[in-house]
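# Topology and contacts: notes
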Protein chains: 2
Amino acid sequence: MVEGVHFDLRWGNFEGLGARSLAVNLSDIAAMGGRPTACVVNLAIREGISTKLLDRIYAGLRTAARESGTDIVGGNLTRARELSITIALLGELGGAAMRRDTARPGDEIFVTGTLGDAPLGWRLLAGEIKARGNARAYLIGRFFRPPNRLRAGQRLAAIKPAPSAIDVSDGLLQDLGHILERSRVGATIDATAIPVSPAYRAVMGDDLIHALSGGEDYELLFCLRPGSRESELTRRLGVPVRRIGRITRRRRLEVIGSNAPDFAKRSGGWDQLRDLTRSND
Amino acid sequence: MVEGVHFDLRWGNFEGLGARSLAVNLSDIAAMGGRPTACVVNLAIREGISTKLLDRIYAGLRTAARESGTDIVGGNLTRARELSITIALLGELGGAAMRRDTARPGDEIFVTGTLGDAPLGWRLLAGEIKARGNARAYLIGRFFRPPNRLRAGQRLAAIKPAPSAIDVSDGLLQDLGHILERSRVGATIDATAIPVSPAYRAVMGDDLIHALSGGEDYELLFCLRPGSRESELTRRLGVPVRRIGRITRRRRLEVIGSNAPDFAKRSGGWDQLRDLTRSND
């Protein structure tokens, strides 16, 4: 997480920043069904950063580590022109890993939680959009405290065969694109099924752009052989689950539904996103 | 390794930069007597960095990984205002680890190779000092290609009891200071025994400042129960070894010898360096 790219110190909430820096890594472990064990932290600090500020970042990081059962076993401190936090996190698997290359035509596609909140929170902080009161607080909270889906991921990985899964870090369409590419399949997404929060709706109305492309949400996206019920999965994973589409044989990503944004209908695929999505491989 | 702090792209040798970014991490494994297994690489890139330049950095990194038996198993790419390479490296131990807290009064202190070459190389590249011909090429080479002391470290760790050891990354006095602090002991260093290269001597004459405080050399510093011969250790480790001093009960770091620099005689300890040295804990 790099200052000026992923966050701005004027946003305050330095504890949240520290917590988030670990959470985004925990999410990768969750998406494979693993359990985090230990991490190392590289902190690059610039002039003008007070010890107190660093202490607050580190306090948030330590709390997030404790809550997830992760040991901070070492790290490094270096000078730089901008503040950045780089974490390498180790995890282990109890059984099969969830992978990106195992989706099959006919699989149903699900997501946990709601999408688009964190990218809206980011845009509120950056002043790119406006909102007040509860909606604003909720969306910013979703940015600073990504959901912990470790237990949901572990329970998902116990399903046989293990689902193909990924975390939504770059945006639903891009991250689904990773699965489609690796699994050599396509998908149809029903925009009317995309789960968004009341706060999202209060700010964006019917516009799904941030829910489809926003990234930063760190919810889980997964593909199951057909026949699972949303209510059953929600109970099993301990988090709301929504069915949003289906894996297809034709290698193309299609977004349907009356509220599908034009850009998604037009794109008809994820090729144009490939440069961006390579960044998380 | 951060652009503008640890390197400058105008120095060229991008392969060397990539190799060095892994080598400095391998050195930490060597200093514990371990074997590297796998690493993840975080590359932060700024505008104006060409793909070709990144490819050259990565080629150097891959070569260094292959030569040391390290798998590059993943990583991340992010935008930033300056180029930086952050590596987290996993290693494993065959037996006992060499630690920083096991030095005892009476132990003899040794170092591998020569000290001060890499910091001189850095200063030559930065234009802070001048030198020509072979000496210049040698010193710059020592900066870009830190020594690989993995095998020496493994052989050292097989000695019983396992020596207290550390790699010389911050400078001999600072790194020895880590051992002294953790082991709750002191040391006397004989400046006349500090090993320096002919190239170092050609540039610096009798001035030992960079050999004592320069850092960047990534040689091994270790403490053995008394009685080991330099020649025997040199044969056993496969690298030149020099005895440079002794661990003392009095918690103070003393540099003696006719060529001991004033700053080292005056400092009488490592307290003033503690803020810096914390960075590598």
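No experiment lies behind these values; they were computed from the predicted model shown. (Residues numbered from 1 in each chain as written. Chains lettered and ligands numbered in written order. Predicted model: local features only at pLDDT ≥ 70, side-chain atom pairs only at ≥ 80, totals over all residues.)

### A look at the overall build of chain A
When helices and strands are counted, chain A shows 11 helices and nine strands. Taking 2.2 N^0.38 as the reference for a compact globule, 281 residues should give roughly 19 Å; the C-alpha atoms of chain A span a radius of gyration of 19 Å, in line with that estimate. Along the longest, intermediate and shortest principal axes, the C-alpha atoms of chain A span 55 × 45 × 35 Å. Counting over 281 residues, chain A shows a buried share of 47%. Partitioning the intrachain contacts of chain A with sequence separation of at least 6 by distance along the chain shows that 87% fall at a separation of at least 24. (Helix = DSSP H or I, 4+ residues; strand = E, 2+ residues; numbered from the N terminus. Rg over C-alpha atoms; globule rule 2.2 N^0.38 Å. Buried ≥ 20, exposed ≤ 12 C-beta atoms within 10 Å, placed from the backbone. Contact = placed C-beta atoms within 7 Å.)

### Section: the environment of Pro 195 of chain B
Residues and elements named next belong to chain B. As for its position among the elements, Pro 195 is in the loop between strand S6 (186-190) and helix H7 (198-204). As for Pro 195 and Gly 121, which are separated by 74 residues in sequence, their C-alpha atoms are 17 Å apart. If we skip the residues at most four places from it in the chain, Pro 195 touches Val 111, Gly 113, Thr 114, Leu 115 and Arg 242.

### Details of the domain arrangement of chain A
By a widely used convention, the size of an interface equals the accessible area lost when the partners come together. Residue and element names in this part refer to chain A. In terms of domains, chain A is made up of domain 1 (9-92) and domain 2 (108-114 + 147-280). Centre-to-centre separation of domain 1 and domain 2, based on C-alpha positions: 27 Å. Each side of the interface is counted separately: domain 1 has 11 residues, and domain 2 has 15 residues. Among the elements that line the side of domain 1 that touches domain 2, the one with the most residues is helix H1 (residues 14-30), at seven residues. Partitioning the side of domain 1 that touches domain 2 into residue classes produces six nonpolar, three polar and two charged. (Domains from an automatic or database assignment. Nonpolar A, V, L, I, M, F, W, Y, C, P; charged D, E, K, R; others polar.)

### A look at the interface of chain A and chain B
Each partner contributes to the interface: chain A provides 18 residues, whereas chain B provides 18 residues. Sorting the residues of the side of chain A that touches chain B by element identifies strand S1 (35-45), strand S2 (71-79) and strand S3 (84-92) of chain A as the ones contributing at least two each. The element best represented in the side of chain A that touches chain B is S2 of chain A, accounting for four residues. Of the residues belonging to the side of chain A that touches chain B, the class tally is seven nonpolar, eight polar and three charged.

### Overview of the relation of the copies chain A and chain B
Of the transformation superimposing chain A on chain B, the axial component is 0.0 Å and the angular component is 179°, with the fit at an RMSD of 0.0 Å. This pairing of chains is accounted for by a two-fold axis. No C-alpha of chain A approaches the rotation axis more nearly than that of Ala 88 of chain A, which lies at 3.1 Å. The overlap is high: 100% of the interface residues of chain A also sit at the interface in chain B, so the same surface is used on both sides. (Least-squares fit on C-alpha atoms with pLDDT ≥ 70 in both.)

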